[in-house]
Amino acid sequence: MAFDLVIRNGMIVDGSGLGRYRADVGVAGDRIAAIGRIKERGKQELDAEGLAVTPGFIDGHTHMDAQIFWDPIGANSCWHGVTTVVMGNCGFTLAPSAEKDAMLVVRSLERAEDISGKAMAAGIRWSWTTFAEYLDTIEKLPKGIHYAANIGHSALRTYAMGERAYEETANEGDLRIMQAELRSALAAGAIGFSTSRTHQHRTSDDRPVASRLAAWSEVESLVRTMGEVGRGIFQYVEDPAPPDRVDARRDELIALSAQTGVPFAVPALLNAKAVLPMLDLGTARGARLFGLAHCRGIGTMSSFRTQLPFDRLPVWRELRALPLEEQRARLADRGLVEKLVKSAHESRYGEAVGGEARPPEFERMRVLDAPLPPNPTVAEAARARGVDPVELMIQLALETDLRQFFVQTLSPFDMDDITAILRHPQAVLSFSDSGAHVSQMADASLQTHLLAHWVRALGIFSFEEAIRMITLAPARAWGFHDRGLVREGLLADLNVLDPKTVAPAMPTVVHDLPAGEKRIEQRATGIAATIVAGQVLVRDGQHTGAFPGTLVRKRPSH
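Residues numbered from 1 in each chain as written. Predicted model: local features only at pLDDT ≥ 70, side-chain atom pairs only at ≥ 80, totals over all residues. Heavy atoms only, no water.

A.B. asks: Any details on helix 4 (residues 153–161)? Residues and values, ideally.
C.D. replies: For helix 4, the buried fraction is high: eight of the nine residues fall into the buried class. Every buried residue of helix 4 is accounted for by His153, Ser154, Ala155, Leu156, Arg157, Thr158, Ala160 and Met161. Elements that come into contact with the buried residues of helix 4 comprise helix 1 (102–112), strand 8 (146–152), helix 5 (172–188), strand 9 (192–197) and helix 6 (216–229). Looking one or two places after helix 4, you find Gly162, whose phi comes out positive at around 65 degrees. (Buried < 20%, exposed > 50% of the residue type's maximum accessible area, 1.4 Å probe, protein only. Helix = DSSP H or I, 4+ residues; strand = E, 2+ residues; numbered from the N terminus. Contact = heavy atoms within 4.5 Å.)

So, in structure tokens, the structure goes:
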């Protein structure tokens, strides 16, 4: 048999969770054609001696809807072994929307997901109105990795209601328009429908995103439309229910999934005692719920080169408006530093929205002195130097050419709680938000963080278990039946990596977005090659020039 690619001498960790074994992998076209001892030479050969060969990683919660127009390779995800992503989560998509109404959808992405409005204006060439037309546009773009797309509720509302979507609930006519467009989107291959009902999501003109104005009956009607079509996953985020409504809200969600047959992607970021019983109860009642988990704790990264928690405070605001060189020079003034410290402690902080920097909690904020834990808290590092925590942050910034990052999770990180969530059979590690919050977060490294920290450093999961968590588990959750395992006949999405060294690298700030806008770039170490649809996309951390990625369309059953 003729092979386009042969990966030789590797240890196959096939995604099933079962033990590794030594074998060659032969690829013909975009498929795995043979696994075993391969004598024939391939057109291209990779020596995987001492390395593991795994399925490509799958990330089901990203926001690459805008980035795909200017970044064909899929950074930062592609650097971390991710070969398939699902975008359009939390109700935020660029379609359906005509170009003349673009700001109706852009302003939600601009603030709620911190995707630069300038970059979108410079980098997106509008050529669609409906979601089906948007998918056609995406399909024609060069792509390094594979993309599947949700249709977002906020965009769907503004398509049907215009500005009224930010002011009122839908009438029967509005709902009919939304239902028709949702059916069309699912028929064209949308993987699902997403919405947000959390106060954290606001527009760039400081209004609730459109989906927050929807009555629950509207959401319910749209989910029932998905059930009628017979295809699609419902992804949502919402604020916790009041204590006297927790059980009733849980029962509403479970009943809707059970009645419609629609799978629900449920936030499962913390509070195992509440989330896991809901997943179990859903199964018992005939619903299909799976929880989206995070292995690091969602948080914001801050630095003088990106953003700081103090940026809107008196004294700080004036300093931060200056060029970086001028900021550095002024920080040599002891009197100014004292004023900055005083302002940081005595000023009132407004509520942070979306991925904006939270008011500092120095016992939780950590100094990112290495890409993996343990990282000291700012309070610990300040005590070690005998200085105020704010002054410590200034000192470290000056010592690193203003490059020092600080990371603060949105809530305390409870290791036992997160471990219980990650171990649950219906939890899926998949909440990177890749493509969003690009000046504040770098969670596209979740997969390499899992392998380096939870597997190698802590030993909480075996390597085989962890690979299953980021390959077969998300493939099954999102219905990707042709990937997630190293099996003959499946898509040749593969990683060749070193279990002893795979890890995230230190993040850096780059200005490579359209209009020169900035983002945080984080690459990885220990990945020798990432193969997408049979072609080597990344080799030793460098893009090969190939664009083998595709748009994954999920067609409805008939």
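A.B. asks: Which residues make up the sheet that holds strand 9, and what values go with them?
C.D. replies: Read from one edge to the other, the open sheet built from eight strands follows the order 6-7-8-9-10-11-12-16, with strand pairing classed as parallel. Either end of the sheet is taken by a strand with one partner, and the two such strands are strand 6 (57–59) and strand 16 (427–429). Here the average twist between neighbouring strands, direction ignored, is 25 degrees. Bridge analysis of strand 8 against strand 9 gives three bridges, and the strand direction is parallel. Residue pairing for strand 9: Asn150 is matched across the bridge by Gly192. (Pairing = 2+ DSSP bridges. Axes fitted to C-alpha atoms, helices over the stretch in contact; angles between N-to-C directions.)

A.B. asks: Let's hear about the pattern of salt bridges: which residues, and what values?
C.D. replies: What the rule picks out here adds up to 46 salt bridges. Across the pair Arg164 and Asp174 runs a salt bridge, and its minimum N-O distance is 2.8 Å. Placement of the pair is Arg164 in the loop between helix 4 and helix 5 and Asp174 in helix 5, with a sequence separation of ten residues. What makes Asp174 buried here is its relative accessible area of 4%. Each member of the salt-bridge network shares a partner with another, and the members are Arg305, Glu325, Arg328, Asp401 and Arg403. (Salt bridge = Lys/Arg side-chain N within 4 Å of Asp/Glu carboxyl O.)

A.B. asks: Outline the environment of Gln327, supporting the account with residue identities and numerical values.
C.D. replies: Here Gln327 lies in helix 10 (residues 324–330). Sequence-wise, Gln327 and Leu398 are 71 residues apart; in three dimensions their C-alpha atoms are separated by 9.9 Å. Leave out the neighbours within four places in its chain, and Gln327 touches Phe304, Leu319, Arg320 and Leu322.

A.B. asks: Give me the packing of aromatic side chains: which residues, what numbers.
C.D. replies: The geometry of an aromatic ring pair comes down to the distance between the two centres and the angle between the two planes. Enumeration over the complete set of coordinates arrives at 13 aromatic pairs. Taken together, a centroid distance of 6.4 Å and an interplanar angle of 50 degrees make the contact between Phe69 and Tyr134 tilted. Residue Phe69 is located in the loop between strand 6 and strand 7 (82–87), and its partner Tyr134 is located in helix 3 (residues 131–140); the two are separated by 65 residues in the primary sequence. Classification of Tyr134 by relative accessible area gives buried; the value is 1%. (Phe/Tyr/Trp six-rings, centres within 6.5 Å; stacked < 30°, edge-to-face > 60°.)

A.B. asks: Outline the sheet that holds strand 14 (residues 366–367), supporting the account with residue identities and numerical values.
C.D. replies: Spatially, three strands are ordered 13-15-14 in an open sheet, and the strand pairing comes out antiparallel. In the strand order of this sheet, the two ends are held by strand 13 (299–302) and strand 14, each with one partner. Summarising the sheet, strand 13 and strand 15 (residues 406–409) pair through four bridges and their orientation is antiparallel. Bridge assignment links Gly299 to a residue of strand 15, and that residue is Thr409.

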